[in-house]
Amino acid sequence: MHSHPEAADTLIMGAQLYDGTGAPPLERDVALRNGKIAAIGNLSNWLAEEVIEANGRALAPGFIDVHTHDDTHVIRAPQMLPKISQGVTTVIVGNCGISASPVALKGDPPDPMNLLGERDAFQYPTFAAYIEAVNAARPAVNVGVLIGHTALRNNHMDRLDRTATTAEIDGMRAQLEDALSHGALGLSTGLAYGSANAASTEEVMALAEPLAHAGALYTTHMRTEFDAILDAMDEAYRIGRHARVPVVISHLKCAGPSNWGRSTEVLESLEGARRLQPIGCDCYPYSRSSSTLDVRQVTGDIDITLTWSTPHPEMAGKLVKAIAAEWGVSQQEAAKRLQPAGAVYHNMSEEDVRRILSHPATMVGSDGLPNDPLPHPRLWGAFPRVLGHYARDAKLIPLEEAIRKMTSLSARRFGLVQRGEAHVGYHADLVLFDPARVRDAATFDNPQQPADGIDAVWVNGVLSYRDGATTGDRAGHFVARGARSQGDAHGAF
Ligand code: ZN
Ligand code: CU
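Rules used throughout
- Residues numbered from 1 in each chain as written.
- Chains lettered and ligands numbered in written order.
- Predicted model: local features only at pLDDT ≥ 70, side-chain atom pairs only at ≥ 80, totals over all residues.
- Heavy atoms only, no water.
- Phe/Tyr/Trp six-rings, centres within 6.5 Å; stacked < 30°, edge-to-face > 60°.
- Helix = DSSP H or I, 4+ residues; strand = E, 2+ residues; numbered from the N terminus.
- Buried < 20%, exposed > 50% of the residue type's maximum accessible area, 1.4 Å probe, protein only.
- Lys NZ or Arg CZ within 6 Å of the ring centre and 35° of its normal.
- Donors = N, O, S within 2.8 Å, 3.2 Å for Na, K, Ca; no water.
- Tetrahedral: all angles 85-135°; square planar, octahedral: opposite > 155°, others 65-115°.
- Pairing = 2+ DSSP bridges.
- Axes fitted to C-alpha atoms, helices over the stretch in contact; angles between N-to-C directions.
- 1 Å grid on protein atoms, 1.4 Å probe; cavity = no way out; pocket = protein on both sides within 12 Å on 5 of 7 lines; lining within 4 Å.
- Points joined across faces, edges and corners; volume = space filled by probe spheres on them.
- Nonpolar A, V, L, I, M, F, W, Y, C, P; charged D, E, K, R; others polar.
- Salt bridge = Lys/Arg side-chain N within 4 Å of Asp/Glu carboxyl O.
- Core = buried A, V, L, I, M, F, W, Y, C linked by side-chain atoms within 4.5 Å.
- Contact = heavy atoms within 4.5 Å.
- pLDDT = per-residue confidence, 0-100.

## Remarks on the packing of aromatic side chains
The relative placement of two aromatic rings is captured by the distance of their centres and the angle of their planes.
Alright, step 1. All told, the structure shown has five aromatic pairs when counted by the stated rule.
Alright, step 2. Judged by centre distance (6.0 Å) and plane angle (5 degrees), the rings of Phe 63 and Phe 383 are stacked. Taken together, the residues Phe 63 in strand E6 (residues 63–65) and Phe 383 in helix H13 (residues 378–393) connect sequence positions 320 residues apart. Note on accessibility: Phe 63 and Phe 383 belong to one class, buried.
Alright, step 3. Put simply, the rings of Phe 63, Phe 383 and Phe 433 pair up and form one aromatic cluster.
Alright, step 4. A cation over a ring is seen here: Arg 288 above Phe 444, with NZ or CZ 4.2 Å from the ring centre.
Alright, step 5. Of note, Arg 378 hangs over the ring of Tyr 284, and the distance from its end group to the ring centre comes to 4.5 Å.

## Comments concerning the coordination of the copper ion (ligand 2)
Alright, step 1. Protein ligation of the copper ion (ligand 2) involves His 67 (NE2), His 69 (NE2), Cys 96 (SG) and Asp 367 (OD), the donor distances falling in the range 2.1 to 2.4 Å.
Alright, step 2. Geometry at the copper ion (ligand 2) is irregular, judged from its four donor atoms and the angles of 85 to 163 degrees they form at the metal.
Alright, step 3. Within one chain, the residues donating to the copper ion (ligand 2) are spaced in sequence as H-x1-H-x26-C-x270-D.
Alright, step 4. A spacing of 3.1 Å is found between the copper ion (ligand 2) and the zinc ion (ligand 1), which share Cys 96 as a donor. One end of the pair, His 67, is in the loop between E6 and helix H1 (73–76); the other, Cys 96, is in the loop between strand E7 (88–93) and helix H3 (127–137), with 29 residues separating them in the sequence. One exposure class covers both His 67 and Cys 96, and it is buried.

## Quick look at the coordination of the zinc ion (ligand 1)
Alright, step 1. For the zinc ion (ligand 1), the full set of protein donor atoms is Cys 96 (SG), His 221 (ND1) and His 251 (NE2), at a range of 2.0 to 2.2 Å.
Alright, step 2. Of note, the donors binding the zinc ion (ligand 1) are all from one chain and are spaced C-x124-H-x29-H.
Alright, step 3. Using a relative accessible area of 2% as the deciding quantity, one classes Cys 96 as buried.

## Section: the sheet that holds strand E15 (residues 341–345)
Alright, step 1. The strand order across the open sheet built from three strands is E13-E15-E14, with neighbouring strands paired in antiparallel fashion. At either end of the open sheet lies a strand with only one pairing partner, and these are strand E13 (289–292) and strand E14 (304–309). Adjacent strand axes in the sheet meet at a mean angle of 20 degrees when their direction is disregarded.
Alright, step 2. Summarising the sheet, E13 and E15 pair through four bridges and their orientation is antiparallel. Among the inter-strand pairings, Thr 292 is bridged to a residue of E15, identified as Gly 342.

## As for the layout of surface pockets
Alright, step 1. Volume-wise, the largest pocket comes out at about 540 Å³.
Alright, step 2. In this structure, the largest pocket is lined by 34 residues; those nearest its centre are Ala 192, Glu 225, Phe 226, Asp 294 and Gln 297.
Alright, step 3. When residues in the lining of the largest pocket are grouped by element, the largest group, four residues, is from E13.
Alright, step 4. A class-by-class count of the residues in the lining of the largest pocket yields twelve nonpolar, 14 polar and eight charged.

## Structural notes on the pairing of strand E18 (residues 454–459)
Alright, step 1. A large share of E18 lies buried, amounting to six of its six residues.
Alright, step 2. For E18 and strand E19 (residues 462–466), the ladder comprises four bridges, and the chain directions are antiparallel. Looking across to E19, one finds that Trp 458 is bridged to Leu 463.
Alright, step 3. Counting the residues between successive antiparallel strands, the hairpin from E18 to E19 contains two residues, one of them, Asn 460, with a positive phi of roughly 50 degrees.

## A word on the pattern of salt bridges
Alright, step 1. Evaluated as defined, the whole model comprises 32 salt bridges.
Alright, step 2. Two residues, Asp 70 and Lys 83, come together in a salt bridge whose shortest N-O distance is 2.7 Å. Placement of Asp 70 in the loop between E6 and H1 and of Lys 83 in helix H2 (residues 81–84) is noted, with a sequence separation of 13 residues between them. Take Asp 70 and Lys 83: they sit in the same class, and that class is buried.
Alright, step 3. Each of the salt bridges in this network shares a partner with another, and the network as a whole consists of Arg 57, Asp 434, Arg 437 and Asp 455.

## Regarding the nonpolar core
Alright, step 1. Counting 94 residues, the largest nonpolar core has Tyr 130, Ile 249, Leu 252 and Phe 433 as its most contacted members.
Alright, step 2. Tallying contributions element by element places helix H8 (residues 229–243) first for this core, with seven residues.
Alright, step 3. Residue contacts for Leu 252: discarding those within four places in its chain leaves Met 222, Ile 229, Met 233, Val 266, Leu 267, Cys 281, Asp 282, Cys 283 and Ile 356.
Alright, step 4. Of all hydrophobic cores here, the second largest spans 17 residues; its members include Ala 54, Tyr 426, Ala 428 and Trp 458.

## Considering the confidence of the model for the protein
Alright, step 1. In the predicted model, the protein carries a mean pLDDT of 96, and the fraction of residues at 70 or more is 98%.
Alright, step 2. In the predicted structure, residues 486–490 sits below a pLDDT of 50 and forms ten contacts with residues beyond four places in sequence or in another chain.

Structure below.
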């Protein structure tokens, strides 16, 4: 029979293999061939063009960043260093109601679509045009795509401070259905923002109706994360029940000092709803948030750091209250003069962050803002911060559980087939890291820093990052929605 040894493209020998399901690691060799995991076990009789000695370091499925605003970045900066350097191998774009496609702008992008870039960054009137651009750019990471409610509103409405008419909803639905037929993962909303806040629950319910048939889901930056958060959660559940689709609550948090400590209540609400319908959430591991500078949130009760301002770029890095003092005006007035602008809000309690992050229904998503010149450090640090700071140093959760929140949980929820787990036949998206050294290096003062301890990253079998630098090879592409695993949607949640 076959006396010759089997051959692989790459062999990773002697790893502590985390399969992504939350199971403890096992010492294994892993063979990669043609972009897939070809074998797992004792592979000492195998040959390969490239052999990597893991020496007992951790090997895990590549991390899935379920909450990104990398829509235009995957095309304009396809090396994707902020993400590949964390071990991220797939990003999900189109969150918070804003997506780069399908978009036809009438002028400048409305807030917060401007987080994705300026007017010239929006070049994808159809979803098919966006897929083509992603694949032509050949980004270092795979790209799953949500369609943004605010983007659709802006395509079909003359003004965004009202709810949509039936005819406008029909127009939005047709564009959503077209995107779903091309493999979009679902619909996202950003109901807290001025550009979508006037949309009624009924508008979103009607728009969400095509999702179930497509096997897609609904994600939401809720109407509020402040005092009325439980009502906002109820609204999200209601939309999910109406459309019979799973719901992901984006960057779940208790925002604002009057709301601190309420994560127990919030998670009780989530658990109650989860008994009746599939619902999950994501969060980033920091107690400060970031977005465009919202004048309504400049109430004087928390510190707010300016990260960018179109009329006053020289003020970036300063507190809004310091800018106001310098100008001799109120903080509200200063915030108005800084528009359009971006900010970091010191608006969560550490205790709430830990409680939400450690909940079994919570995935990790960075919410990184790649176009921000002084980005919140979550852009470069979210995943290693969970592995190093929270799992290893603070002992908040076991390492295998931290990995599950970044891999299998995410892939199953979003319908990313044969990703998020390390099994034979799965796509060879893998990260090799040192559990003793892995650490986020990005800080608020110095946010554009690659993590320590991420040794090698493979995307679709191609070694894409090694020892602190990209290899120059990029193998990511658009990934279409597949059937959600585990039979029924509920099991995956
Ligand atoms: Zn958001
Ligand atoms: Cu977001």
